[in-house]
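The primary structure of each chain is shown beneath.
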Amino acid sequence: MDRQPLTRASALTPPRVTAQDLDAPPLRRQRHVVAGVLAVAVAGAAALAGCSSGQSASSVASSAAAAVEKGASAAASAASALASVAGGAGSAIASAEAQASAAVSAASSAVAGIKGGLDAKGDVTAGAVTTGSDGKPQVQLTVTNHGQQSYRYVIQLNFTDGSGNVLDATAVTVQDLAVGQSTQVTAHAHRDLSGTVKAEVANAVRY
């Protein structure tokens, strides 16, 4: 019997395309190709690195994984630090708002506590906001008694920013102002205020 000589398939022979490959969705075939290319690239890189440094492929892969884990840990630490800073800023804002709210409540209560008082906002004018010796904002109020008898006054003054948001509030009093007479009184903020600060006579009563 004649025997045909055996031939070894060339490494360059392209793979056969089967009917199953043709029927496979293009996207799935592309994924298989990409996955194969990535696998070969990783294996090749590991092999080259191992050959060049005298390390095994598994050792190189372990080093790469450790580097990735270290980078991820550093990124997580940075994100945590940023979140902490943002949280601190949020707490400071919330604290300032709470202080402003408490000051407004106290000043409003002082005015509301006057029974039988008459509206006297028209008797009060506020000057420009200045900085006192304590470094806190202050404003001088001019009170003129336009009534028909002597009166006492309780005045609520709000310190606001450029947008009208209340930053602080205080209540001041004037004792026994005669008819037609004027007097001046200074209203002081309870705390330091930054930026543009304005003064607003929120309420005033005479009694």
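Residues numbered from 1 in each chain as written. Predicted model: local features only at pLDDT ≥ 70, side-chain atom pairs only at ≥ 80, totals over all residues. Heavy atoms only, no water.

Side note on the overall build of the protein chain
Each helix and strand counted, the protein chain has three helices and seven strands in total. Counting from the amino terminus, helix and strand elements in the protein chain follow one another as α-α-α-β-β-β-β-β-β-β. Counted over contacts in the protein chain with a minimum sequence separation of 6, partners at least 24 positions apart contribute 66%. Surface exposure of the protein chain reaches about 13,900 Å², of which carbon and sulfur atoms provide 57%. (Helix = DSSP H or I, 4+ residues; strand = E, 2+ residues; numbered from the N terminus. Contact = heavy atoms within 4.5 Å. Areas by Shrake-Rupley, 256 points an atom, 1.4 Å probe, with all protein chains shown as cover.)

Some points on the side chain of Q138
Within the secondary structure, Q138 is located in strand β3 (residues 137-144). Q138 has contacts with A128, V129, T130, T131, G132, F159, T186, A187 and H188, leaving out every residue within four places of it along the chain.

Some thoughts on the sheet that holds β3
Across the sheet, which stays open at both edges, the three strands sit in the order β2-β3-β6 with antiparallel pairing between neighbours. Strand pairing shows two members of the sheet lacking a second neighbour, β2 (124-131) and β6 (182-188), which therefore form its edges. Neighbouring strand axes in the sheet, compared pairwise and without regard to direction, differ in orientation by 20° on average. Direction of pairing for β3 relative to β6: antiparallel, over a ladder of seven bridges. For V139, the partnering residue across the bridge sits in β6 and is A187. (Pairing = 2+ DSSP bridges. Axes fitted to C-alpha atoms, helices over the stretch in contact; angles between N-to-C directions.)

Section: the sheet that holds strand β1 (residues 118-119)
As summarised here, the arrangement of the four strands in space is β1-β7-β4-β5, forming an open sheet in which the pairing is antiparallel. Among the strands making up the open sheet, the edge pair consists of β1 and β5 (166-177). In this structure, strand β4 (residues 151-160) lies alongside β5, joined through nine bridges in antiparallel fashion. Bridging from a neighbouring strand, V154 pairs with T173 of β5.

Topic: the confidence of the model for the protein chain
With 56% of its residues at a pLDDT of 70 or more, the protein chain shows a mean pLDDT of 73. Across residues 1-54, where pLDDT falls below 50, the model places eleven contacts with residues more than four positions away in sequence or in other chains. Note on residues 78-86: pLDDT is under 50 here. Beyond four places in sequence and across chains, it has zero contacts. (pLDDT = per-residue confidence, 0-100.)

Focus on the nonpolar core
Residues V124, L141, V143, Y153, I155, L157 and F159 are the most contacted members of the largest nonpolar core, which totals 21 residues. Going through the elements one at a time, β3, β4, β5, β6 and β7 (198-206) are the ones with two or more residues in this core. Not counting residues within four places of it along the chain, the set of residues in contact with V124 comprises L141, T142, V143, I155, V201 and A204. (Core = buried A, V, L, I, M, F, W, Y, C linked by side-chain atoms within 4.5 Å. Buried < 20%, exposed > 50% of the residue type's maximum accessible area, 1.4 Å probe, protein only.)

Some details on the pattern of salt bridges
Applying the stated criterion across every chain, the model contains two salt bridges. The shortest N-O distance in the salt bridge between R206 and D123 comes to 2.9 Å. Of this pair, R206 sits in strand β7 while D123 sits in the loop between β1 and β2, and the two are 83 residues apart along the sequence. In this structure D123 comes out as buried when scored by relative accessible area, which is 7%. Put simply, D176 and R152 hold a salt bridge, and the shortest N to O gap is 3.2 Å. On the criterion of sequence distance, the pair formed by D176 in strand β5 and R152 in strand β4 is long-range, its members being 24 residues apart. (Salt bridge = Lys/Arg side-chain N within 4 Å of Asp/Glu carboxyl O.)

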